[in-house]
Amino acid sequence: MHFVFISSLVPVAAPASGYDIANRVIADAIRMLGHRVSVIGFLQPGQEPAPDGRTRLLGELEVTNARVGKWQKAMWLKDAFVHGEPVSVAKMHAVPPDDVRAALFELQPFDGLILNSVQLPGAFHDIFSAYPHAFVAHNAEAKTAASNAMSAGTSVARMLYRRDARLLGHLESKLCAGARHVFTLSDTDRSDLKLGESSHATTLPLVTSVTPPLAPAEQSDGDAAIHDAGLIGSWGWAANRAGLDWFLRWVVPLLPDDFTIAVAGGVGDTPPDVPGNVRFLGRVPDARAFVRSCRVVPLVSRTGTGVQLKSIETFELGLPAVATGNALRGIAAIPENCLRADDPEGFAAALRTQVARARAGDDLRLDGGTFHARQLDGLKAGLERGLADLLPDA
């Protein structure tokens, strides 16, 4: 079968963000099932489209708030009110509807559409809904926006997040109702989207690549690590930043002064005040090399929906971790070298335990290939089951 993957940002050759990784993996897994996949969407500046399949670009578009100026943000906000849409959806009106129709026409004939997340499918839903389609819900977007509203620092920000939450709720309901099958990335999202036990909804396990991970890097002993604990992420995103702030405020003070912590990834112009055992490294050239240089990986998510791909990557690499329950959403089988803790005291104690063992010479790493294979098998099986609903006689 030939499917057209409709996505605000197209799958790219070198995915880095969680959204880009999920896009690439889902498209690649569908191809592994023997289907042909073409793509329609925007390309983020500085990226290259993934080499597999045909990609019909709608143009280049920067969608990340932190990378644009105040004028562009104001234009997006204006468009959101003009169209009566959430801000993230209004960004897609960088092209007119006729360009979207032309892109679909060029890729015909096809058997169905895969509407990926709410942004581009929501902006042009009247066009896409005319074709058989499945919907991939990366997150429970309305729930995330509502959570962001609760933690927003100003009354204006709270008002805008609440507006987005209301509109996203309506849009998610419409997309779920119109799809022949809905894919979610966690059972929690399935519940939040009110899909219940529907036979036309499937929760997909994820991997960070369809290519199996390498075996753990050779390391002579626990002292070969550079940092005791290392965190990496896109900290400009509100949900991610909430977890980092919780860790720095409540967990770090419970750790000894010689417990070294490195934070990789952008944290904004003004990093938070922290004790001397915490270092901010900014963007690192090799994310996997960084986490491999740490004795333990704290997975600190406190809010947000969807799945934490940093958790999945940590387990694929076989690295020891301490994780909150929210960081483990969408993961059915937790590796033995991951300890779970949700309160600061328990989290700090688990970190001290893991690091003490590593310093003493215990190799806490596992072969992540087993975890990866189980996740990939589940992903392909879930996609195969759901895409069957797009068959002509389904």
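These figures come from a predicted structure and were not determined experimentally.

Caption draft 1: Region of the structure containing the pattern of salt bridges. This structure, assessed with the given rule, holds 19 salt bridges. One salt bridge in this structure joins Lys 143 and Asp 192, with 3.0 Å as the shortest N-O distance. One end of the pair, Lys 143, is in helix H7 (residues 141-151); the other, Asp 192, is in helix H9 (residues 187-192), and 49 residues separate them in sequence. Accessibility expressed as a relative area gives 29% for Asp 192, which makes it partly exposed. Note that Arg 241 is salt-bridged to Asp 245, the shortest N-O span being 2.8 Å. Here the residue Arg 241 and the residue Asp 245 both occupy positions in helix H10 (residues 238-251), the gap between them amounting to four residues, near one helical turn. What emerges from the salt-bridge pattern is a single network uniting Asp 228, Asp 258, Arg 295 and Arg 359.

Caption draft 2: Just unusual backbone geometry, in detail. Omega for the bond connecting Gln 108 with Pro 109 falls within 30 degrees of zero, at 0°, which places this linkage in the cis form. Topologically, Pro 109 is positioned in the loop between helix H4 (97-107) and strand S4 (112-116). Its identity is not glycine, yet Ser 117 carries a phi of approximately 65°, on the positive side. Residue position: Ser 117 is located in the loop between S4 and helix H5 (119-123). Ser 117 gets classed as buried once you look at its relative accessible area, which sits at 2%. Within the chain, Lys 194 stands out as a residue other than glycine whose phi angle is a positive 60°. Inspection of the secondary structure assignment puts Lys 194 in the loop between H9 and strand S7 (201-203).

Caption draft 3: The sheet that holds strand S8 (residues 227-232), seen in detail. Taking strand neighbours across the sheet as the criterion, the six strands line up as S10-S9-S8-S11-S12-S13 in an open arrangement whose pairing is parallel. The outermost strands of the open sheet, each flanked by one partner alone, are strand S10 (278-282) and strand S13 (338-340). Taking the axes of each pair of neighbouring strands and ignoring which way they run, one obtains an average angle of 25° across the sheet. Lying over the sheet, helix H12 (residues 309-316) contacts S8, strand S11 (294-299), strand S12 (321-323) and S13, oriented at roughly 150° with respect to S11.

Caption draft 4: Structural view of the packing of H10 against helix H13 (residues 344-359). Where H10 meets H13, the axes come as close as 10 Å, and the angle between the chain directions of the two elements is 85°. Between H10 and H13, the interaxial angle falls into the category roughly perpendicular. When H10 is examined against H13, the residues Trp 246, Phe 247, Trp 250 and Val 251 are found in contact with a partner set consisting of Pro 344, Phe 347, Ala 348 and Leu 351. For the contact of H10 with H13, a count of residues per class yields eight nonpolar, no polar and no charged.

Caption draft 5: Here's a closer look at helix H2 (residues 70-83). A rise of 1.5 Å per residue sets the reference length of H2, with its 14 residues, at 20 Å; its end C-alpha atoms lie 20 Å apart and thus fit the reference within 8%. Buried residues of H2: Trp 76, Asp 79 and Ala 80, and no others. The arc that holds the buried residues of H2, viewed along the axis, is 105°, so those residues lie on one side. Among the exposed residues of H2, those pointing more than 90 degrees away from its buried face are Lys 70, Trp 71 and Val 82.

Caption draft 6: Fine view of the sheet that holds strand S1 (residues 2-9). Pairing is parallel in the open sheet, where seven strands are placed in the order S3-S2-S1-S4-S5-S6-S7. Two strands close off the open sheet at either side, each with one partner strand: strand S3 (55-60) and S7. Here the strands of the sheet are splayed against their neighbours by 15° on average, with no regard to which way each runs. This element, helix H14 (residues 369-387), spans S1, S4, strand S6 (181-184) and S7 of the sheet and lies at about 160° to S6.

Caption draft 7: Up close: the packing of aromatic side chains. If you walk through the whole model with that rule in mind, you get four aromatic pairs. Here Phe 247 and Phe 347 contribute two aromatic rings whose centre-to-centre distance is 6.2 Å and whose plane-to-plane angle is 75°, an arrangement assigned as edge-to-face. Linking Phe 247 in helix H10 with Phe 347 in helix H13, this pair joins segments that are 100 residues apart in sequence. Grouping residues by exposure puts Phe 247 and Phe 347 together as buried. Judged by centre distance (5.6 Å) and plane angle (80°), the ring pair of Phe 315 and Phe 371 falls under edge-to-face. Here Phe 315 is found in helix H12, whereas its partner Phe 371 is found in helix H14, with 56 residues between them in sequence. You'll find Phe 315 and Phe 371 in the same group, each marked buried. Across the ring face of Trp 76, the terminal group of Lys 91 is positioned such that the distance to the ring centre comes to 4.3 Å. It is Arg 302 that lies over the ring of Trp 246; its NZ or CZ is 4.2 Å from the centre.

What counts as what
- Residue indices follow the written sequence of each chain, beginning from 1 at its first position.
- Selection of residues for local features in this predicted model requires a pLDDT of at least 70, selection of side-chain atom pairs for listing and counting requires 80 or more, and totals for whole chains, interfaces and linings are taken over all residues.
- Hydrogen atoms and water are omitted, and side-chain values are computed over all heavy atoms in the structure.
- Salt bridges are counted wherever a side-chain nitrogen of Lys or Arg sits within 4 Å of a carboxyl oxygen of Asp or Glu.
- Starting at the N terminus, helices and strands are each numbered in turn, a helix being any DSSP run of H or I of at least four residues and a strand any DSSP run of E of at least two.
- Throughout this description, buried means an accessible area under 20% of the type-specific maximum (1.4 Å probe, protein chains only), exposed means over 50%, and partly exposed covers the range between.
- A pair of strands counts as paired when DSSP detects no fewer than two bridges linking them.
- Geometry is summarised by axes, namely lines fitted to C-alpha atoms with helices restricted to the contacting stretch, and by angles between N-to-C directions that run from 0 to 180 degrees.
- A contact between two residues is defined here by any heavy atoms of the two lying within 4.5 Å.
- In this scheme, roughly parallel covers angles under 35 degrees and roughly antiparallel covers those over 145, while 65 to 115 is roughly perpendicular and the rest are oblique.
- In the scheme used here, Gly and all other residues not listed as nonpolar or charged are polar, with Ala, Val, Leu, Ile, Met, Phe, Trp, Tyr, Cys and Pro taken as nonpolar and Asp, Glu, Lys and Arg as charged.
- To estimate how far a helix should reach, multiply one less than its number of residues by 1.5 Å.
- Here the arc refers to the set of directions running from the helix axis out to each C-beta atom.
- Side-chain rings of Phe, Tyr and Trp (the six-membered ring for Trp) are treated as a pair once their centres are within 6.5 Å; stacked means planes under 30 degrees apart, edge-to-face means over 60, and tilted covers the remaining angles.
- Note on geometry: a ring has a charge over it if NZ (lysine) or CZ (arginine) is within 6 Å of the ring centre and within 35 degrees of the ring normal.

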